[in-house]
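# Report on the structure
This is what each chain is made of:
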Amino acid sequence: MILLDRVTKIYNRTNTALDRVTLHVEPKEFVIIIGISGAGKSTLLKLLTKEEKPTSGKIIIGGLDYDKLKDSDIPMIRRKIGVVFQDFKLLPNKNVFENVALALEIAGYGGKEIRHTVPKVLDIVGLKGKEKSKPSELSGGERQRVAIARAVVRQPKILIADEPTGNLDPKHAWEIIKILEKINRYGTTVLLTTHNQNIVNKLRRRVITIDDGRVVSDRANADYSVHEKPAESKVKK
Amino acid sequence: MSAKRIGNHRFITLWRIIKSGMQNLVRNARLSVAAISVMIITLGIVLFSFLANATFKNTLTKLTDKIDVSVYIKDSVDEKKRDSLIAEIKNISNVKSVDYVSKEQALDEYKKANENNIELLLAISQTDNPLPASLRIKPVDINKIDEIKAFVERPEIKALQSDETSYSGDRREAIDKIAGATRFFQKAGLVAAVVFASISMLIIFNTIQMAIFNRRDELQIMRLLGASTWYIRGPFIVESVFYGIISAVIAVSIGYSLMAVATSAFDTSSVGILDIKFANEYFLNHYWLILTSLLGAGIIIGAVSSFIATRRYLKFKTSK
């Protein structure tokens, strides 16, 4: 499903974000990526959504070789990959229904399909009855559920969740994680980045640790063990 | 996905782009009003230049038609001599036509022109016809009358004439004035239209730049959700094209009202050298041509400026 082969991303001479990262994710896997801020997690995800281009190395997702894609293919890629952000990225002047519907409108779905699909997805994330609410009237956890609904409404093969629990208290954070697991059970490959030790330990999934732009460990059914090394070595420059 | 469904999707997407463009226009009401106002002035100037140009040209043609050179012939000149004189004049390159006006015709015309002056008519009827026969020469180009002048002033031709040749001198002055005004309005109209079209474009440019800035978060989110370039760009272009359409309709309506008011206000049908009556008729006769031309101009101004603005301010490339 996702294949990275010696992918390097250099922003400038003093800043190498990713250094020959190689990893392989199977379809329907649930993978957690951990690492301190600045380790390269966000860069890795941005490469997958083609917000950034790698300096060198190969990226193949769902059989598509990223080298061979043109800029005009980017919208097509982004419609196949759902993304959830730490800061939700909801449109404040649109209500819950409209925020989720936007993803379908962009992909050219008809009004009938939209009216049929959106309530179903809102039901999955537990937001039934909140269709008319504006994001400002929702709690952080609810907002993130809207964002998840929007990310999965087009039934993507891959869901990328970039620190989705970063702004949430433990109770709401865990609810979000349970929704991600549910989506994973439906057959979507989930890539989750997090700082939350409890979540990682509770989930017992494959954990990839990135440090200073390199994959330093890749373990199945793992716990959170990023603190093996002394903290000083991880602080950049 | 079947072909039918793809076609359907395209239609839905196009409709959404148009709808979204119209919503933006309403949402950015204040900026829209500014852009539309300047566009109305631009199109109004284009409309005025267009009408003024047509009107002056018409007045010019009418006056040019009236200009002639009258050669008055002595009663003693016989038919044969007269015919050879006509033939000679016709040979001059700048002569469009030569009409012979007999003594009787001249008298009839004179009587008609003075039909209210009974004393004068009575006086004329009691004498022999005092008016000479004449040749009315119409020039092709009123500005090159010298050749005709040189011919009629040759001594042997002069000998046949009863009176001094008349050149409609007063009319010529008027014609020069109007020709000058026409040239001036053509140039001034063109310059003003270009200047205001540029100002319109700059204002639309700024309007879109501000709209993009105000909505940068929304546009970024749409891009992350996989919106295509045209899905993001389209509404801005639609919005500007609507500026053009609205402005053209308003400019034509204002023109229409002004014309109606001016026509009823000025009984004389002409103010100075501007023939309002003709301008109004021309406007009404070419109503659809004028409306479509202004619509076209408005749409082009809107589309071009928004195309450039979105190209400049919406970044679509992936950073390397």
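Residues numbered from 1 in each chain as written. Chains lettered and ligands numbered in written order. Predicted model: local features only at pLDDT ≥ 70, side-chain atom pairs only at ≥ 80, totals over all residues.

## Things to note about the overall build of chain A
What counts, and what does not: Only DSSP runs of H or I with at least four residues qualify as helices, and only runs of E with at least two residues qualify as strands; both kinds are numbered from the N terminus onward. Any residue with 12 or fewer other C-beta atoms within 10 Å of its own C-beta is exposed, any with 20 or more is buried, and the rest are partly exposed; the C-beta atoms used are placed from the backbone. Contact criterion: two residues are in contact if their C-beta atoms, reconstructed from the backbone, are within 7 Å.
Within chain A, the regular secondary structure consists of seven helices and ten strands. The C-alpha extent of chain A, read off along each of the three principal axes, is 50 × 40 × 30 Å. Counting across all 237 residues of chain A, residues that qualify as buried make up 41%. Intrachain contacts of chain A at a sequence separation of at least 6 include 69% that bridge at least 24 residues.

## Considerations on the overall build of chain B
Put simply, the rule is: C-alpha atoms define the radius of gyration in this analysis, and the globule rule sets the expected value at 2.2 Å times the number of residues to the power 0.38.
When you go through chain B residue by residue, the secondary structure sums to twelve helices and three strands. The C-alpha radius of gyration computed for chain B amounts to 32 Å, which surpasses the reference 20 Å derived for 320 residues by more than 25%, pointing to a less compact arrangement than a globule. Along the first, second and third principal axes, the C-alpha atoms of chain B reach 100 × 45 × 40 Å. Residues counted as buried form 27% of the 320 residues belonging to chain B.

## What about the interface of chain A and chain B?
What counts, and what does not: All amino acids are sorted into three groups, where Ala, Val, Leu, Ile, Met, Phe, Trp, Tyr, Cys and Pro are nonpolar, Asp, Glu, Lys and Arg are charged, and the leftover types, Gly among them, are polar.
Counting residues at the interface gives 19 residues for chain A, matched by 19 residues for chain B. Secondary structure elements with two or more residues in the side of chain A that touches chain B: α2 (74-80) and α3 (96-106) of chain A. Across the side of chain A that touches chain B, the residue classes tally to eight nonpolar, two polar and nine charged.

## Quick look at the domain arrangement of chain B
For clarity, the cut-off: Start and end positions for the domains come from either an automated domain assignment or a database one.
For chain B, the assigned domains read domain 1 (3-63 + 174-313) and domain 2 (68-167). If you average the C-alpha positions of domain 1 of chain B and of domain 2 of chain B, the two centres end up 54 Å apart.

## Describing the pairing of strand β6 (residues 81-84) of chain A
Residues and elements named next belong to chain A. For the record, the criterion: Pairing between strands is defined by DSSP: at least two bridges between them are needed.
Alternating residues of β6 divide into I81 and V83 and G82 and V84, and every residue in both groups is buried. The pairing of β6 with strand β7 (residues 158-162) spans four bridges and is parallel. What sits directly across from V83, in β7, is I160.

## Describing the sheet that holds strand β5 (residues 64-65) of chain A
Residue and element names in this part refer to chain A. Operational definition: For helices, the fitted line uses only the C-alpha atoms of the stretch in contact; every axis is such a line through C-alpha atoms, and the angle between N-to-C directions lies from 0 to 180 degrees.
Pairing is antiparallel across the open sheet formed by four strands, whose spatial order is β2-β1-β4-β5. Taken across any chain shown, the strands that pair with only one partner, and hence form the sheet edges, are β2 (15-25) and β5. In the packing of helix α1 (residues 41-48) onto the sheet, contacts are made with β1 (2-12), β2 and β4 (56-61), and the angle to β2 comes to roughly 60 degrees.

## Looking at the confidence of the model for chain A
Residue and element names in this part refer to chain A. Note the threshold: Each residue carries a pLDDT score, the predictor's own confidence in it, on a scale running from 0 to 100.
Put simply, chain A has an average pLDDT of 89, and 95% of its residues get 70 or more. Here α2 stands out as the least confident element of chain A, with mean pLDDT 87; strand β8 (residues 189-193) is the most confident, with 95. In the predicted structure, residues 229-237 sits below a pLDDT of 50 and forms five contacts with residues beyond four places in sequence or in another chain.

## A look at the sheet that holds strand β1 (residues 69-73) of chain B
Residues and elements named next belong to chain B. The strand order across the open sheet formed by three strands is β1-β3-β2, and the pairing between neighbours is antiparallel. On the outer flanks of this sheet lie β1 and β2 (95-101), each paired with one strand and no other. Strand-to-strand twist in this sheet, taken as the mean axis angle between neighbours without regard to direction, amounts to 20 degrees. Two strands pair when backbone bridges link them, and β2 and strand β3 (residues 133-139) are joined in this way by six bridges, in the antiparallel orientation. When the bridges of β3 are listed, V101 appears paired with S134. The strands touched by helix α3 (residues 79-90) are β1, β2 and β3; relative to β2, the strand with the most contacts, the crossing angle is about 160 degrees.

## Side note on the nonpolar core
Here is the rule we go by: Throughout this description, the term nonpolar core refers to a group of buried Ala, Val, Leu, Ile, Met, Phe, Trp, Tyr and Cys residues whose C-beta atoms join them within 7 Å.
Core analysis: the largest hydrophobic core is formed by 72 residues, its most contacted members being V100 and A149 of chain A. A total of eight residues in this core trace back to one element, the largest contributor, which is α3 of chain A. Beyond its immediate sequence surroundings of up to four residues, V100 of chain A is in contact with V118, V121, L122, V146, A149, R150 and V153 of chain A. By size, the runner-up hydrophobic cluster in this structure holds 38 residues, among which are M39, A197, I208 and A251 of chain B.

## Focus: the packing of helix α5 (residues 140-152) of chain A against helix α6 (residues 170-185) of chain A
Residue and element names in this part refer to chain A. Here is the rule we go by: Throughout, the term roughly parallel applies to angles under 35 degrees, roughly antiparallel to angles over 145, roughly perpendicular to angles from 65 to 115, and oblique to all others. Note on convention: the crossing is left-handed when the near helix lies turned anticlockwise from the far helix by less than a right angle, right-handed when the turn is clockwise.
Direction vectors running N to C along α5 and α6 enclose 15 degrees, while the axes themselves pass 9 Å from each other. When the axis of α5 is compared with that of α6, the two are roughly parallel. Crossing hand, α5 versus α6: right-handed. Across the interface between the two elements, G140, G141, Q144, R145, I148 and V152 of α5 pack against H172, E175, I176, I179 and I183 of α6.

## What to know about the pairing of β4 of chain A
All names here are of chain A. Bridging between β1 and β4 involves five bridges; their strand directions are antiparallel. Paired with L4 across the strands is I59, a residue of β4. Note: β4 against β5, two bridges, orientation antiparallel. Bridge assignment links I60 to a residue of β5, and that residue is D65. Hairpin connection, β4 to β5: the antiparallel pair is bridged by two residues, and G62 has positive phi, about 55 degrees.

## Points about the environment of I60 of chain A
All names here are of chain A. You can see I60 is positioned in strand β4. As a C-alpha pair, I60 and S217 span 157 residues in sequence and 21 Å in three-dimensional space. Ignoring anything within four residues of it in the chain, the contact list for I60 reads L3 and D65.

## Some details on unusual backbone geometry
All names here are of chain A. One non-glycine residue, K50, adopts positive backbone phi at about 65 degrees. Take K50: it is sitting in the loop between α1 and β4. Its identity is not glycine, yet N221 carries a phi of approximately 45 degrees, on the positive side. Looking at where N221 falls in the secondary structure, it is placed in the segment after β10 (214-219).

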